[in-house]
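Take a look at the letters that make up each chain.
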Amino acid sequence: MLGMPKIVDTHTHICDSSFDADRGEVLDRAADAGVAAVIAVGENMADARRNIELADKHPMIYPAAGLYPTILDLDQAEQMRSFIRSERLKLVAIGEVGLDFWVVKEEPQKGIQKEILKGFINLAKKLDLPLNIHSRSAGRHAVALLLECGPTRVQMHAFDGKASAALPAKATFGLRSDRKKLLVTGPNLFGSLELEIWILFVICYLVLGILIFKDAIIFRYAFRLF
Ligand SMILES: [Zn+2]
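Since the model is a prediction, treat every value here as computed from it, not as a measurement.

> I'm lost on the overall build of the chain in this one. Help?
Tallying secondary structure elements over the chain gives seven helices and six strands in all. For the chain, the N- to C-terminal ordering of α and β elements is β-α-β-α-β-α-β-α-β-α-β-α-α. With 226 residues in all, the chain has 31% of them scored as buried. Of the contacts made within the chain by residues no fewer than 6 positions apart, 59% connect residues no fewer than 24 positions apart.

Structural data, given as structure tokens:
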């Protein structure tokens, strides 16, 4: 499609069995809409193997492998790291991995989650792979761990922390989000994404305002009628 910007969807669960019936058509529709590639992230070993198989069949799919952050199993984490090492040449990223303190609330378990994530970060550095990081209710902790371990290629996924929690990482790696809470892009805090988000908010508030105002008029007339 000439002239159309190409999009890379960097976080898909295209290996999910819900796509088994029509995965090809889904990818075709994505391609028609301007998507050039999809990165298939994984939550466990089955996903990791499936992503590699799917990438052989579908040129649009680029496979990643990771362990979902709520899987607090050091053995599974080690197996996944060894799988990633052995399949390094086929993989484009490590993910998804990360911290999820919304689900994992106890301190000892949070510690295990951090230890597992640290292992994946160090592996990403060693193998020169980017990281796809899931971070939910753990913004400061995820950023602190990333800064401590020092990977340079990181994509935050599901980051719901405050912008102030992400700012320390701004100089090290770019963060980008469509969430209201995080308005940070790599080199420029007040870049075009922020403008887009603010324009969207203004439109939303205007539409809501009109709806509420309209309702108020309707109510006023309704009250007059009674
Ligand atoms: Zn995901």
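> Is there a simple way to think about the environment of K170 in this case?
Residue position: K170 is located in helix α6 (residues 163–170). Residue K170 is classed as partly exposed on the basis of its C-beta count, with 17 C-beta atoms lying within 10 Å. On a C-alpha basis, the gap between K170 and V143 in space is 9.8 Å, while along the polypeptide they are 27 residues apart.

> Is there a simple way to think about the packing of helix α4 (residues 107–127) against helix α5 (residues 139–149) in this case?
Geometry of a packed helix pair, given as the angle between the helix axes and the separation of the axes. Relative orientation of the contacting elements α4 and α5 amounts to 40°, with a least axis distance of 10 Å. By the angle class used here, α4 and α5 are oblique. Between α4 and α5 lies a crossing whose hand is right-handed. Here K114, L117, K118, I121 and N122 of α4 lie close against α5, whose contacting residues are L145, L146 and C149. Residues that form the contact of α4 with α5 fall into these classes: five nonpolar, one polar and two charged.

> I would appreciate a short explanation of unusual backbone geometry in the present structure.
Glycine aside, negative phi is the norm for most residues, and most peptide bonds take the trans geometry. With an omega of 5°, the peptide bond between G95 and E96 qualifies as cis. Here E96 lies in strand β4 (residues 93–100). Backbone geometry places D128, a non-glycine residue, at a positive phi of 55°. Considering the arrangement of structural elements, one finds D128 in the loop between α4 and β5 (131–136). Assessed through the 10 C-beta atoms surrounding it within 10 Å, D128 is described here as exposed. A positive phi angle, near 65°, is found at A158, a position not held by glycine. Considering the arrangement of structural elements, one finds A158 in the loop between β6 (154–157) and α6. Judged by the 17 C-beta atoms lying within 10 Å of it, A158 is partly exposed.

> Would you mind going over the sheet that holds β5 with me for this structure?
Strands belonging to one sheet form pairs held by backbone hydrogen bonds; the direction of such a pair is parallel or antiparallel. Read from one edge of the open sheet, six strands run β1-β2-β3-β4-β5-β6, paired in parallel fashion. Edge positions in the sheet fall to β1 (7–12) and β6, since each has one partner strand and no second. Within the sheet, the average angular offset between the axes of one strand and its neighbour, ignoring direction, is 25°. Two strands pair when backbone bridges link them, and β5 and β6 are joined in this way by four bridges, in the parallel orientation. Residue pairing for β6: L131 is matched across the bridge by V154. Across the face of the sheet, helix α2 (residues 45–57) comes into contact with β2 (35–40) and β3 (61–65) while running at roughly 160° to β3.

> Would you take a moment to explain the environment of R88 for this structure?
Its place among the elements puts R88 in the loop between α3 (74–86) and β4. Residue classification places R88 among the partly exposed positions, given that 14 C-beta atoms sit within 10 Å. The spacing of R88 and D128 is 40 residues in sequence and 9.5 Å in space, taken between C-alpha atoms.

Rules and cut-offs
Residues numbered from 1 in each chain as written. Predicted model: local features only at pLDDT ≥ 70, side-chain atom pairs only at ≥ 80, totals over all residues. Helix = DSSP H or I, 4+ residues; strand = E, 2+ residues; numbered from the N terminus. Buried ≥ 20, exposed ≤ 12 C-beta atoms within 10 Å, placed from the backbone. Contact = placed C-beta atoms within 7 Å. Axes fitted to C-alpha atoms, helices over the stretch in contact; angles between N-to-C directions. Parallel < 35°, antiparallel > 145°, perpendicular 65-115°, else oblique. Left-handed = near helix turned anticlockwise from the far one by under 90°. Nonpolar A, V, L, I, M, F, W, Y, C, P; charged D, E, K, R; others polar. Pairing = 2+ DSSP bridges.

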